[in-house]
Every structure is written in C-alpha cells, then in structure tokens.
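Residue-level structure breakdown
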Amino acid sequence: MTQLLEPVGKTAASSPERSGRTPAARTARRKALLHWIAVHSLGIAAALFFVLPFVFVVLTSLMSDQQALTRDLTPNTWEWGNYERVFNTPGFLTWWRNTLLYAGVGTVLTVVSSVPVAYALAKFRFRGRKLSLMLVISMMMLPPQVVIIPMYLFWAKQMDLSGTLWPLIIPMAFGDAFSIFLLRQFLLTIPNEYLDAAKVDGCGEFRTLMKVVLPMAKPGIAAIALFQFFAAWNDYFGPQIYASENPAAWTLSYGLESFKGAHHTDWNLTMAATVLVMAPVIAVFFFAQKAFVEGVTLTGVKG
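Keep in mind the model is a prediction, meaning the values are calculated, not measured.

How each quantity is defined
Residues numbered from 1 in each chain as written. Predicted model: local features only at pLDDT ≥ 70, side-chain atom pairs only at ≥ 80, totals over all residues. Heavy atoms only, no water. Helix = DSSP H or I, 4+ residues; strand = E, 2+ residues; numbered from the N terminus. Buried < 20%, exposed > 50% of the residue type's maximum accessible area, 1.4 Å probe, protein only. Contact = heavy atoms within 4.5 Å. Areas by Shrake-Rupley, 256 points an atom, 1.4 Å probe, with all protein chains shown as cover. Polar contact = N/O pair within 3.5 Å; in protein donor to acceptor, adjacent residues only side chain to side chain. Core = buried A, V, L, I, M, F, W, Y, C linked by side-chain atoms within 4.5 Å. Axes fitted to C-alpha atoms, helices over the stretch in contact; angles between N-to-C directions. Parallel < 35°, antiparallel > 145°, perpendicular 65-115°, else oblique. Nonpolar A, V, L, I, M, F, W, Y, C, P; charged D, E, K, R; others polar. Salt bridge = Lys/Arg side-chain N within 4 Å of Asp/Glu carboxyl O. Lys, Arg positive; Asp, Glu negative; His and termini not counted.

**So, the overall build of the protein chain**
Looking only at helices and strands, the protein chain has 17 helices and 0 strands in total. The burial tally for the protein chain puts 38% of its 303 residues in the buried class. Restricting the contact set of the protein chain to residue pairs at least 6 apart, pairs at least 24 apart contribute 71%. As presented, the protein chain carries roughly 18500 Å² of accessible surface, and 68% of it is formed by carbon and sulfur atoms.

**Let's talk about the side chain of N268**
Looking at the element boundaries, N268 is found in helix α16 (residues 267–287). Judged by relative accessible area, which is 0%, N268 ranks as buried. There is a polar contact of 3.1 Å between the side chain of N268 and the backbone oxygen of M63. Setting aside anything within four residues of it in sequence, one finds N268 in contact with T60, S61, M63, S64, D65, A68 and N82.

**A short note on the nonpolar core**
Counting 36 residues, the largest nonpolar core has V86, F92, Y102, W233 and L252 as its most contacted members. At the level of secondary structure, the elements contributing two or more residues to this core comprise α5 (81–87), α6 (92–123), α8 (148–158), α9 (166–169), α13 (218–233), α15 (252–262) and α16. Ranked by the residues each element gives to this core, the list is headed by α16, at 8 residues. If near-sequence neighbours (up to four positions away) are discounted, L252 is found in contact with F92, W95, W96, T99, W233 and V277. Counting residues in each nonpolar core, the second largest holds 25 residues, with V111, L121, A122 and A225 among its members.

**Let's talk about the packing of α13 against α16**
Interaxial distance between α13 and α16 falls to 11 Å at its minimum, and their mutual angle equals 175 degrees. Relative to α16, the element α13 is oriented roughly antiparallel. For the pair α13 and α16, contact is made by L226, F229, F230 and W233 and by V277, P280, V281, V284 and F285, respectively. Here the contact of α13 with α16 is composed, by residue class, of 9 nonpolar, no polar and no charged.

**Side note on the pattern of salt bridges**
This model, assessed by the stated rule, comprises 2 salt bridges. When the shortest N-O distance is used, the salt bridge between R85 and D65 registers 3.5 Å. Pair noted here: R85 is in helix α5 and D65 is in the loop between α4 (41–61) and α5, with a separation of 20 residues, a long-range link. On the basis of relative accessibility, which here comes to 37%, the residue R85 falls in the partly exposed class. Using a relative accessible area of 27% as the deciding quantity, one classes D65 as partly exposed.

**Some points on the side chain of D235**
Among the structural elements, D235 can be located in the loop between α13 and α14 (237–242). One buried charged residue, D235, forms no salt bridge at all, with the nearest opposite charge on R97 at 17 Å. A polar atom in the side chain of D235 sits 2.8 Å from the side chain of Y102. Engagement of the side chain of D235 in a polar contact is seen with the backbone nitrogen of F237, the distance being 3.2 Å.

Right under this line is the structure:
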C-alpha cells in the first residue's frame, strides 16, 4: 500500500498545477509583473533619474587616469587608491574639519534658538503674534544676496572676522526663519490638552517645553536639524564670501572647486572627491530618514 501511495504523492506534488509551471500560471505572473511596473512606472523613472548620475560618479571615481578620459562606463581595473590620493591632498582633511564645525555647531545653534520661538508662535496667545509670524515668513522670502553687502561690512570691518567661518556660525544662534516656521507648523499638531495637563501638575512654561513638548516634537526637530545640516554642508556662497581669503578656513564645498581646478584633467580624482563630499550627507539622511519624513509630513496638518 505504501509503495502504491508514494508515486501518487510525488506526482501530485510535482504536477504542473502545483508547481506553477503551467501556461496559465506563467501568464498570471507576467500580468502581475506588468501591472506592478505600470503602477510604479513614475517611481521607477524618478529613482533611475536620481540614482544613475550617482552610479556614474562612483564608477568614474574608480577608473584609472587614462580610462577616465574615455567613453567607458565601467572601470577596467578598480582603482580604490583614488580615494587615498584624494585624502592625501594637502588641505582636504582641513576642509573636512571646517565643514563638520560649520554644519555641526551651526545645526545645534539653529535648533536651540529656533525651538523656543516656534513654541511661542504655536502655543502662546499674545498681541502681535500674527505680525511676528508674518515677519518670520518675510525673512524666508528675503534672499541672502540682498543683505550680503551690509552683513559683510559688519562682520569683516567692524568685527574683524573676515577669513573665518564665524560670520556664518554666529547668526545661527539667533534662529532661522525656515526652521522656526517649519517647527511651528509641527507644534500646532500637538494637542493643547497635554500642555494644560502639565501646567495643572505645576509645570511652568520652560518645564512644559522641556518635559512635554520636546519629546513629542522629535520628528519635527529632526527635520529642521537635517535641513540645516544639509544646507550648511553644501553651502558654497557663504564660505566664498567670508573664508575665501584664508585656505585654512575653507569648507568642502569651496575646497572642491579648488581641487577641481588643480585636477581638471583627472576626472577620476574629481569624482572621488565628489563621492567623499556626498557620502556623509547620504549616510545621515538614510539613518534619519524615518524621523525626517514624519517631521516633514506632519508640518502641514494644521495651519
């Protein structure tokens, strides 16, 4: 009896209907794949639009000096030593240190100075509140190039800080209009009942901010911190105005232009330097992606 049942079981298990190898099953899978591609076609096109240039930069950075001048898309030999050559370039590590100082300290100062202002605009009721919000929005619309001449005269002539990054870092201690507005929009989504409960328990405004609001506002704070970090890391205009005369104060964005001029025919080294400049920003975004997306999404829930 067992010998008779075994072939039947094997035949049933290996039948075309069970294994999905019938023409109908293959057609169904093909239709499902085409349907998925059709639904996600715009997302796939957008992903390729953003990813392919980065892939090209990475592949070019791993080519030899001669091959980088050809039309080849993939390296014949993987020259990982290009990144070491970039790191050994005089001044490159100094540019890294200056950029970390500018982006790191500037981000901390922006968050610390913007949170209390955003909290006041979102939760306080005082005369001139709408006017204050309109002033913040007006500052967002004001291009930095409009005030660059009086600002440069102040920092360079009166404060004697030309050739340093302090004219770019110090103003961040007084808040950022975009960060204040974005965080204010996020704080509006926090119900006032939580704040009222904290005040009933004896918390003052500062303690309510520290113990209740900040833990609930972590996604919004992460969003403004990332925006500020990316803006400072990629800033070229500010270092060009204030630090161009002092190579010891150059940042990566400004130093990369000098590196490109010195290696205008070595496209592999230029691309390797570009990858090293982009890598920290990409890594920070992927690690904080969830909080960033949540913070940006919730900022427009309530007006």
